[in-house]
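What follows is each chain in one-letter form.
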Amino acid sequence: MKERFNWLRNKITMSVSPQEIELRCVLHWFTLWTESQKTEFLELLLDKALPLNTGNISYRLEALTVQENSPSIFRCQLKLFSSWFDEWTDRERDNLLRKLQEKDTTFVETFYCLSSSLYTCNDQ
């Protein structure tokens, strides 16, 4: 039984790139997040996609502070996403947005609205 499982696991990992596995993880997490967590993810995504965006500097500063408690699972997910996103190609980043749009059109519309004009975005 264990040999069969190892064969199946190897077959799956050989046919899917590490970036695709990372993307699938992020998409799965996204479906489990609350609206406030999605909002925080949106801020991080904007910060990663638009590195010159200084509007989210508090998010970066918060990451530098020493925490007394262990980080939450959500914080660990954001940290993983952040490191993965840095390594992804533009095509992989675009794929993330396409897949997110399939799950939550409003989220991606908000991302595009905010990224196209951080200061003059109309409320919808």
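Quick look at the structure, then. (Residues numbered from 1 in each chain as written. Predicted model: local features only at pLDDT ≥ 70, side-chain atom pairs only at ≥ 80, totals over all residues. Heavy atoms only, no water.)

1. Considerations on the packing of helix H6 (residues 90-103) against helix H7 (residues 105-116)
Two numbers describe how H6 lies on H7: the axes approach to 6 Å, and their chain directions differ by 135°. Here H7 runs oblique to H6, going by the angle between their axes. Seen from H6, the contacting residues are Leu97, Leu100, Gln101 and Lys103; seen from H7, they are Thr105, Phe107, Val108, Phe111 and Tyr112. Partitioning the contact of H6 with H7 into residue classes produces 6 nonpolar, 2 polar and 1 charged. (Axes fitted to C-alpha atoms, helices over the stretch in contact; angles between N-to-C directions. Helix = DSSP H or I, 4+ residues; strand = E, 2+ residues; numbered from the N terminus. Parallel < 35°, antiparallel > 145°, perpendicular 65-115°, else oblique. Contact = heavy atoms within 4.5 Å. Nonpolar A, V, L, I, M, F, W, Y, C, P; charged D, E, K, R; others polar.)

2. With respect to the side chain of Glu22
Structurally, the position occupied by Glu22 is in helix H2 (residues 18-32). Notably, Glu22 is buried but unbridged: the nearest opposite-charge side chain belongs to Arg93, and the N-O separation is 9.9 Å. Excluding anything up to four places from it in sequence, Glu22 contacts Trp84 and Trp88. (Buried < 20%, exposed > 50% of the residue type's maximum accessible area, 1.4 Å probe, protein only. Lys, Arg positive; Asp, Glu negative; His and termini not counted. Salt bridge = Lys/Arg side-chain N within 4 Å of Asp/Glu carboxyl O.)

3. Some points on the pattern of salt bridges
In the structure shown here, the tally under the stated rule is 5 salt bridges. Among the ionic pairs, Glu35 bridges to Lys38, the shortest N-O distance being 3.9 Å. Taken together, the positions of Glu35 and Lys38, both in helix H3 (residues 35-49) and 3 residues apart, correspond to about one turn of that helix. Assessed through its relative accessible area of 56%, Glu35 is described here as exposed. With a shortest N-O distance of 2.1 Å, Arg75 and Glu40 are connected by a salt bridge. Placement of the pair is Arg75 in helix H5 (residues 73-87) and Glu40 in helix H3, with a sequence separation of 35 residues. Classification of Arg75 by relative accessible area gives partly exposed; the value is 27%. Linked through salt bridges whose partners overlap, the residues forming this network are Glu35, Lys38 and Asp104.

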